[in-house]
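Take a look at the letters that make up each chain.
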There are 2 protein chains.
Amino acid sequence: MTQSLIGQLETPCLVLQMEKVRENILSMQQAADAAGCRLRPHIKTHKMKLFARMQMRAGAAGITCAKVSEAEVMADGGLEDIFIAYPLVGDFRIRRALQLQRRISRLILALDSLEGARALDEAARAAGTVFEVRLEVDTGALRTGICRAQAAGLAKAVAALPGLRLTGIYTFKSLVYQGAPTTDGLLAAREEGELMQQVAAEIREAGVKISDISAGSSPTGAAVAATGMVNEIRPGTYIFKDYMLVKEGAARMEEIAARIFVTVVSTPRPDYAVIDGGTKTFPMDIPLNAPPYFYPGYAIAEGNSDLMLTRMNEEHGMLVSARGETGLRVGQKLALIPIHICTALNMQNQVYLCDGGQLSVERVDARGMLV
Amino acid sequence: MTQSLIGQLETPCLVLQMEKVRENILSMQQAADAAGCRLRPHIKTHKMKLFARMQMRAGAAGITCAKVSEAEVMADGGLEDIFIAYPLVGDFRIRRALQLQRRISRLILALDSLEGARALDEAARAAGTVFEVRLEVDTGALRTGICRAQAAGLAKAVAALPGLRLTGIYTFKSLVYQGAPTTDGLLAAREEGELMQQVAAEIREAGVKISDISAGSSPTGAAVAATGMVNEIRPGTYIFKDYMLVKEGAARMEEIAARIFVTVVSTPRPDYAVIDGGTKTFPMDIPLNAPPYFYPGYAIAEGNSDLMLTRMNEEHGMLVSARGETGLRVGQKLALIPIHICTALNMQNQVYLCDGGQLSVERVDARGMLV
């Protein structure tokens, strides 16, 4: 970015390079297309109608959300085919899902328990409708998702509920291989495809017809599509990419489309400088137990590899230098690369888009949509 | 809260008990009044016009903000006396401060460098006005604030600038004593008062008249007021209190006014349960190097002291039990006490207020105001 453009920024702020965004959208779409696999991007990363529409125009089959309130925002933006990939539990959520279903052409809900399935079934029947649902299967991430051994039994029970139409299974596995973290995306993707094929086969043997096998995150998406063992992938982070994805071997630094610009507000001593962004700007959800050399601080200072953001308060970020002296001046603007882009966007009300040498401001439509 | 009220909550959500909020506002105001010290609460905790007005009605002398965009929101809410306790650096911020000053009766800005002072001075003179400013002094927190030994020299230089009117000094020290963290609030407060008195005396000896000596956070506020060595305190967290403040010896559990309610969405195995709030709901800015027994997870499950929130993704919170089995059911609602309330509120678009057995929803007006 030119100095003149940087001069226009009110910091701290997040800037998205649209040329890189378009390239990232295109390359994941091409990988999915080449594998004959549908791409249903997760909007958790961008949270913006604009980017969801760009992904659809590029060839996506639909979008993925985590929460019903996010899906409502996307429906307001004209998105018509939405999968809420999160067990839809709670009367308040089911009520909103029923209303949402009336507004769009296809809404797919998720479940991973019989209790959850029964509540959805009852609500659908009471409203005189049917919910399309997918069953979440745990393939090693140890969060939501039924254990694989119990999947076929639950699928059979769900298929018997008249208010539900079970059409598929899905998982989030990311970089887990044989139960432990890995940085080998190909190995993780191969296992992901095989485990999902196995579960699908068991469900079909139990007499339940399912058509959709959905998997794939940004680190494994293209590779799991290429296995031919799933027919849908749901990556999110690939649209902007971040330092975490680089460290996972799933992106190159030059593909990262997001920068956080900050201003140096104080240099009380030569050995540290204070920037105008702290924990309200830079996320702290660095993977647990990551060795310190893996993430040298809470963000990477672009073009200043000796600078490290090692300490923060809400509005204060303390930059230290490996050389001892930061050499920074009060008023100077710096570009930092966030470690995790999804939670960084969640803290911004708006972001700058930089496109063809022009800046514009766009609202982060679905930030903070938690319900 | 009654089961009927809990049933109305759309989770994950933050609920504020108004009876406790009023008590917390009153007790800090009484402590300041008894010491003959002004209270200028920091709005960083609540970020809401409603609570700033409540604090003013209870007797506050004005309010404190960190950023000009927060101050603008508060001015929209009728707040007329605002101190932005953060070095006001950057043309974009100075422009907004000039506009803000025209709208309210008193705006106090902050600086901690000559570069910062000169930019403010120039802008004020160009606009034909004068900025009231305070000088930030570092008393051990090692973030913004000029080193004490250089404070008198900078004060003299600032006093010579015609566009600025230097009326005071301020610091944020919190629980630091002789350069290291402490949990002895009385000791930290005594040192805070003494250091600020010393700096004020040196500045006055240099021929600069200042009237305001401002210090005091939630852990030290009442105690530093009681020393009689400062004439203003700026605590923020005291209005809601949180688990961190309890661990710092500065609050009792029963004084905490905030709860985060969540719903159990999945219990795939007996040894953990998944709730519908993760890193987008529960902040991770736990003090660095805090021993694990100090903060047993990212939040405290009220009435379920064996439950620990030990692992999170953006929308997933994994609860484990010290007893091995969580015993939680899908659909169950739980109340959790956040460790740090300020950053928890920053992630919410709105909060529930619970008052006299009634729930209402209020917008978090200044959340995400980073500029």
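Residues numbered from 1 in each chain as written. Chains lettered and ligands numbered in written order. Predicted model: local features only at pLDDT ≥ 70, side-chain atom pairs only at ≥ 80, totals over all residues. Heavy atoms only, no water.

**Some details on the overall build of chain A**
This is how the line gets drawn: Strands here are runs of E lasting at least two residues and helices are runs of H or I lasting at least four, both read from the DSSP assignment and numbered beginning at the N terminus. Partly exposed residues are those whose accessible area sits between 20% and 50% of the maximum for their type, while under 20% is buried and over 50% is exposed, using a 1.4 Å probe and protein chains only. Note on contacts: a residue pair is in contact if any heavy atoms of the two residues lie within 4.5 Å. All accessible areas in this document rest on Shrake-Rupley with a 1.4 Å probe, and a residue is counted as covered only by the protein chains that are shown. For the purpose of counting charges, residues Lys and Arg are taken to be positive, whereas Asp and Glu are taken to be negative. His and the chain ends are not included. Here the site of a charge means atom NZ of a Lys, CZ of an Arg, CG of an Asp or CD of a Glu.
When its secondary structure is counted, chain A shows 11 helices and 19 strands. Taking the principal axes of its C-alpha atoms as reference, chain A extends roughly 70 × 40 × 35 Å. Counting the 371 residues in chain A, one finds 63% classified as buried. Within chain A, contacts between residues at least 6 apart in sequence are counted, and of these 67% link residues at least 24 apart. Working note: accessible area of chain A is about 13200 Å², and carbon and sulfur atoms make up 49% of it. Here chain A holds 40 positive side-chain charges and 40 negative ones, and the gap between their average locations is 3 Å.

**Considerations on the pairing of strand E18 (residues 350-355) of chain B**
Residue and element names in this part refer to chain B. As a reminder, the rule being used: Paired strands are those between which DSSP finds at least two bridges.
As paired strands, strand E1 (residues 13-17) and E18 are joined by three bridges and run parallel to one another. When the bridges of E18 are listed, Val15 appears paired with Tyr352. As defined by bridge partners, E18 adjoins strand E19 (residues 358-363) across six bridges and the pair is classed as antiparallel. Its bridge partner lying in E19, Leu353 is registered against Ser360. Where E18 hands over to E19, the hairpin turn is made up of two residues, of which Gly356 adopts a positive phi near 55 degrees.

**Remarks on the packing of aromatic side chains**
Residues and elements named next belong to chain A. Worth spelling out the cut-off: Stacked, edge-to-face and tilted are the three classes for Phe, Tyr and Trp ring pairs, Trp counted by its six-membered ring, which pair at centre distances within 6.5 Å; planes under 30 degrees apart are stacked, over 60 edge-to-face, the rest tilted. Any Lys NZ or Arg CZ found within 6 Å of a ring centre and within 35 degrees of that ring's normal is scored as a charge over the ring.
Per the counting criterion, the structure on display carries six aromatic pairs over all chains. A centroid spacing of 4.9 Å and a plane angle of 90 degrees characterise the contact between Phe83 and Tyr170, whose relative ring orientation is edge-to-face. Taken together, the positions of Phe83 in strand E4 (residues 81-87) and Tyr170 in strand E7 (residues 164-170) put the pair 87 residues apart, joining distant regions of the chain. Here Phe83 and Tyr170 have matching classes, each one buried. Relative to Tyr295, the ring of Tyr243 has its centre 6.1 Å away and its plane inclined at 65 degrees; by these criteria the two rings are edge-to-face. A residue pair is termed long-range when its members are at least 10 positions apart, and Tyr243 in helix H10 (residues 243-247) and Tyr295 in the loop between strand E13 (272-275) and strand E14 (299-301) qualify at 52 residues. With a relative accessible area of 10%, Tyr243 lands in the buried category. The lysine or arginine in question, Lys67, covers the ring of Tyr86, its NZ or CZ lying 5.1 Å from the ring centre.

**Things to note about the relation of the copies chain A and chain B**
Rules: Superposition of the copies was done by least squares, using only C-alpha atoms of residues whose pLDDT is at least 70 in both.
Its rotation angle being 180 degrees, the transformation that places chain A on chain B also includes 0.0 Å of axial translation and leaves an RMSD of 0.0 Å. The superposition operator between the copies reduces to a two-fold rotation axis. A high fraction, 100%, of the interface residues of chain A reappear at the interface in chain B, so the copies pair face to face through one surface.

**Considering the interface of chain A and chain B**
For clarity, the cut-off: A simple way to read buried area is as the amount of 1.4 Å-probe accessible surface that goes missing from two parts once joined, with both sides added. Just to be clear on terms, a salt bridge is a Lys or Arg side-chain nitrogen sitting within 4 Å of an Asp or Glu carboxyl oxygen. Throughout this description, a polar contact denotes any pair of N or O atoms lying within 3.5 Å of each other; where both atoms belong to protein, one of them has to be capable of donating a hydrogen while the other can accept it, and for residues adjacent in sequence the pair is counted only when both atoms sit in side chains. Think of it as three bins: nonpolar holds Ala, Val, Leu, Ile, Met, Phe, Trp, Tyr, Cys and Pro, charged holds Asp, Glu, Lys and Arg, and polar takes everything else, Gly as well.
Chain A puts 64 residues into the contact, and the matching count from chain B is 64 residues. Carbon and sulfur atoms supply 53% of the area that chain A and chain B bury against each other, a total of about 5200 Å² over both sides. Area buried by chain A at its contact with chain B is led by A:Arg143, A:Lys280 and A:Leu370, which between them contribute 13% of it. In this structure, the connection of chain A to chain B is made through eight salt bridges. Here B:Arg96 ties to A:Glu10 by a salt bridge, and the two come within 2.4 Å at their closest N and O atoms. At the junction of chain A with chain B, the criterion picks out 39 residue pairs in polar contact (both at pLDDT 80 or more). Looking at the side of chain A that touches chain B, the elements with two or more residues in it are E4, helix H5 (91-103), helix H6 (114-126), strand E12 (258-269), E13, strand E15 (307-312) and helix H11 (341-346) of chain A. When residues in the side of chain A that touches chain B are grouped by element, the largest group, six residues, is from E12(A). Here the residues of the side of chain A that touches chain B are counted per class, giving 26 nonpolar, 19 polar and 19 charged.

**Here we look at the pairing of strand E5 (residues 106-111) of chain B**
Side-chain positions along a regular strand alternate between the two faces of the sheet. Residue and element names in this part refer to chain B. Formally: Looking down the strands as they point away from the viewer, one classifies a crossover as right-handed if the path from the first strand across the helix to the second runs clockwise.
Of all six residues in E5, five are buried, a share of seventy percent or more. Pairing analysis gives four bridges linking strand E4 (residues 81-87) to E5, with the strands arranged parallel. Each bridged residue has a counterpart across the sheet, and for Phe83 the counterpart in E5 is Ile108. With respect to chirality, the unit in which E4 leads through helix H5 (residues 91-103) into the neighbouring parallel E5 is right-handed. Between the parallel pair E5 and strand E6 (residues 131-136), the chain is carried across by helix H6 (residues 114-126), and the sense of this crossover is right-handed.

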